[in-house]
Amino acid sequence: MEALAAVRAARGVLGVGAALGAALAAPQVFARVSAVGALHPAASGDFRAADAALVLGARVWEDGRPSLFLRQRVEAGVALYERGLVPRLVMTGAGHNREGLDETEAMERTARELGVPSADIVRDPGGHDTRASALNARDNLGLASVVVCSQEFHLPRAMWLCRSVGLEVQGAFPPILAKPHTVLGYGRELPATWKAALEIGRDALPGSDAAP
């Protein structure tokens, strides 16, 4: 009897754990399912033309160089621009990050080094997070359609946030790097997508300024 009770208790604990795991993953699963058909490698031929590439900010080193992930994002946007899929690049990020650096300045400089003229680059230093970037693209720049450029782990959430404010969205990601930061990125997306889900739910309330 004691053994049977122990087995039942263990099954109960496993059941609770599975339920908690499913709840934690639910927003990320929804975001990924929603992105099917619109999320592609940057080199893919499956993209439709859009108003702009929305290149999301990331870390900048103290000497002003973009981190590898940030450079990859810019390169993805430039690849779309060179193929005529977007007429301009929107560099959106923190104009004054934790280190006091301007992510968008480093992004613009990188794009110019890759051959994009300044006239076709727009900087959005108010993109302190992905939701702000989406709202700024809609409200400040008047965009209706974007191709978001970021790492693959980030894009389902970013695309969901863009759709939630009324943007037509596609996602372009650079080659996936086998690095510890990539693994960390996928792990961090679980709580980050929950945060996005709560923001999207709040924005959908009547009277919200963020509603499309």
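Residues numbered from 1 in each chain as written. Predicted model: local features only at pLDDT ≥ 70, side-chain atom pairs only at ≥ 80, totals over all residues. Heavy atoms only, no water.

What to know about the sheet that holds strand S6 (residues 168-173)
Part 1 of the reasoning: Strand order in the open sheet formed by six strands is S1-S6-S5-S2-S3-S4, with parallel pairing between adjacent strands. With partners counted over all chains shown, the strands left at the sheet margins are strand S1 (39-41) and strand S4 (121-124), one partner each. With strand direction ignored, the average angle separating the axes of adjacent strands in the sheet is 25°.
Part 2 of the reasoning: The sheet contacts of helix H2 (residues 68-82) involve strand S2 (52-56), strand S3 (89-92), strand S5 (145-149) and S6, and relative to S2 the element is tilted by about 175°. (Pairing = 2+ DSSP bridges. Helix = DSSP H or I, 4+ residues; strand = E, 2+ residues; numbered from the N terminus. Axes fitted to C-alpha atoms, helices over the stretch in contact; angles between N-to-C directions. Contact = heavy atoms within 4.5 Å.)

With respect to helix H4 (residues 130-139)
Part 1 of the reasoning: With eight of its 10 residues buried, H4 lies for the most part within the structure.
Part 2 of the reasoning: Looking only at H4, the buried set comprises Thr130, Ala132, Ser133, Ala134, Leu135, Asn136, Ala137 and Arg138.
Part 3 of the reasoning: Its buried side turned inward, H4 meets S2, S3, S4 and helix H5 (155-164). (Buried < 20%, exposed > 50% of the residue type's maximum accessible area, 1.4 Å probe, protein only.)

Details of the pattern of salt bridges
Pairing between side chains becomes possible if they bear opposite charge and their charged atoms approach one another.
Part 1 of the reasoning: Considering all chains together, one arrives at 12 salt bridges under this definition.
Part 2 of the reasoning: With a shortest N-O distance of 3.1 Å, Glu75 and Arg71 are connected by a salt bridge. A residue pair is termed a helical-turn pair when its members lie 3 or 4 positions apart in one helix, as Glu75 and Arg71 do in helix H2 at four residues.
Part 3 of the reasoning: When salt bridges that share partners are traced, they join Asp102, Glu108 and Arg123 into one network. (Salt bridge = Lys/Arg side-chain N within 4 Å of Asp/Glu carboxyl O.)

Regarding the nonpolar core
Part 1 of the reasoning: Of all hydrophobic cores here, the largest spans 26 residues; its most connected members are Leu80, Val86, Leu89, Met91 and Ala111.
Part 2 of the reasoning: Elements with a minimum of two residues in this core: S2, H2, S3, helix H3 (103-113) and S5.
Part 3 of the reasoning: The biggest single contributor to this core is H2, with six residues.
Part 4 of the reasoning: Not counting residues up to four positions away in its chain, the partners in contact with Leu89 are Ala53, Gly77, Val78, Tyr81, Ala111, Val116, Asp120, Ile121 and Val122. (Core = buried A, V, L, I, M, F, W, Y, C linked by side-chain atoms within 4.5 Å.)

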